[in-house]
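An overview of the molecular structure
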Amino acid sequence: MLNSGDTSGAWTHDLAKTAGRESGDPALLSHAMGEQAYDLLDVERPELALQLVQAARSAAGSKVPGLLGAWLHAAEAEALAATGDQVGCREALRLAEQAMPAEPDNSAVPYVSLDDWQLARWRGNVLAGLGDSGALDAC
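So, a few notes on the structure that sits alongside this text. (Residues numbered from 1 in each chain as written. Predicted model: local features only at pLDDT ≥ 70, side-chain atom pairs only at ≥ 80, totals over all residues. Heavy atoms only, no water.)

1. Details of helix α2 (residues 26-42)
For clarity, the threshold we go by: Labels follow the DSSP assignment, with helices taken as runs of H or I lasting at least four residues and strands as runs of E lasting at least two, numbered in each case from the N terminus. Every helix has an expected span of 1.5 Å times one less than the residues it contains. Burial classes: relative accessible area under 20% of the type maximum marks a residue as buried, over 50% as exposed, and values in between as partly exposed (1.4 Å probe, protein chains only). As used in this structure description, the phrase polar contact means that two N or O atoms lie within 3.5 Å; if the pair is within protein, one of them must be able to donate a hydrogen and the other to accept it, and residues adjacent in sequence are counted only when both atoms belong to side chains.
In this model α2 runs 24 Å from its N-terminal to its C-terminal C-alpha over 17 residues, within 8% of the 24 Å that 1.5 Å per residue would give. The element α2 is largely enclosed, with a buried count of 13 among its 17 residues. Sitting at the head of α2, D25 places a side-chain oxygen 2.8 Å from the backbone nitrogen of A27.

2. Points about the side chain of H31
What counts, and what does not: What makes two residues a contact is simply this: any of their non-hydrogen atoms within 4.5 Å.
Mapped onto the elements of the fold, H31 is located in helix α2. Owing to a relative accessible area of 11%, H31 belongs among the buried residues under this scheme. Apart from residues no more than four positions distant in its own chain, H31 is found in contact with L68, W71, Y111 and V112.

3. What to know about the pattern of salt bridges
Note on pairing: side chains with opposite charge can pair once their charged atoms come close. Note the cut-off: By convention in these notes, a salt bridge is any Lys or Arg side-chain nitrogen within 4 Å of a carboxyl oxygen on Asp or Glu.
Under the definition given, this model contains 4 salt bridges. The salt bridge partner of R90 is D132, with a shortest N-O separation of 2.8 Å. Within this pair, whereas R90 is found in helix α5 (residues 86-99), its partner D132 is found in the segment after α6 (116-129), the two being separated by 42 residues in sequence. With a shortest N-O distance of 3.5 Å, E97 and R123 are connected by a salt bridge. One end of the pair, E97, is in helix α5; the other, R123, is in helix α6, and 26 residues separate them in sequence. With relative accessibility at 42%, the residue E97 sits in the partly exposed group.

Such coordinate-based values are descriptive only and should not be taken to indicate function.
In structure tokens:
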């Protein structure tokens, strides 16, 4: 959001993070933190983005629905790819697939839209960013 000049959108993520923290809901907090990590990726701060998304996963722990857990692992994979950590990226993608519910239902986290097909595309995009020649096979 910051890279595209959408400073108000980036500010909204900060407000969402504060609201999540004040609500005591680990799902709201961890999702807002994950979204804010993308703002850091947009301004080419991958190390900070990685730290933030890892903190989001820590805040989520096992207290969030599997769908959000999968989303957080995939977001971490993207941040790891941006830092050039191919091994960590692949492990985070594996964990995202493992966390993905057999029948994705976002009723508990309506702000997360993710299914097996979208996760496969996300995986392919992340691997392509790493220069993996098998990225298309991942989709």
